[in-house]
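# Descriptive structure summary
Residue-level listing of the chains:
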Amino acid sequence: PFTTLYPNLGVVRVGPSQSFVVADVPGLIEGASEGAGLGHQFLRHLQRTRLLLHVVDLAPFDDSIDPVAQAKAIVAELKKYDPQLHAKPRWLVLNKIDMVPESQRAQRVNEFVRRMRHRGPVFEISALARQGLEPLVQSVYQQLRKAHLQEDRKSTRLNSSHEWISRMPSSA
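## Let's talk about the side chain of His-54
Inspection of the secondary structure puts His-54 in strand β3 (residues 52-57). On the basis of relative accessibility, which here comes to 10%, the residue His-54 falls in the buried class. What His-54 contacts, discounting residues up to four positions off in sequence, is Ala-71, Ile-74, Val-75, Arg-90, Trp-91, Leu-92 and Val-93.

Structure (structure tokens):
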């Protein structure tokens, strides 16, 4: 076992002038919201994000590990730490799909999503085999672009209101 001490940042290039920054924040453990492990430091980084990708290994190396229970524990830590963080858009990314026999994939994915009670987007990928990455990258880019445009519109409305207020003649 190892612990990552710092989030890993990377730039994902979608096109010639299209990219976004990702932060890989591993190491959240049960009790992170109370400061266990490096919980507070990692959770603070997550507060600045527009989208959370919850990457879970669908085929863990240790059969005694229940990936659903682990994923639920992390979601609970997000909620305990900051309800606004828990309310952020959160997508489920099921990794190591290539390690699950094709005949069992749909059943395993459906069972995982059902037990998680996840209602958002679900992506099936194999990071190693590079399967399913392109649809994930494109979807993330579109979601972030949409969020950015909404923030710009909100900011423009606020700036316009401020300009209007600052230009109002003072009453004498």
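## Looking at unusual backbone geometry
Unusually for a residue other than glycine, Arg-117 sits at a positive phi of about 60°. Locating Arg-117 in the fold gives a position in the loop between α4 (102-116) and β5 (122-124). Within the chain, Arg-130 stands out as a residue other than glycine whose phi angle is a positive 60°. Position of Arg-130 relative to the elements: it lies in the loop between β5 and α5 (133-167). Arg-130 sits in the exposed class, given a relative accessible area of 65%.

## Concerning the pairing of strand β4 (residues 90-95)
Regular strands place their side chains on alternate faces of the sheet. Within β4, six of the six residues are buried, leaving the element largely enclosed by the surrounding structure. Every second residue of β4 is oriented toward a common face, with Arg-90, Leu-92 and Leu-94 on one face and Trp-91, Val-93 and Asn-95 on the other, all of them buried. Pairing of β4 with β5, which is carried by three bridges, proceeds in the parallel orientation. Note on β5: the bridge partner recorded for Leu-92 is Val-122. Between β4 and its parallel partner β5, the chain crosses via α4, and the hand of that crossover is right-handed.

Reading the values: rules and limits
- Residues numbered from 1 in each chain as written.
- Predicted model: local features only at pLDDT ≥ 70, side-chain atom pairs only at ≥ 80, totals over all residues.
- Heavy atoms only, no water.
- Helix = DSSP H or I, 4+ residues; strand = E, 2+ residues; numbered from the N terminus.
- Buried < 20%, exposed > 50% of the residue type's maximum accessible area, 1.4 Å probe, protein only.
- Contact = heavy atoms within 4.5 Å.
- Pairing = 2+ DSSP bridges.
- Right-handed = clockwise from strand over helix to strand, strands pointing away.

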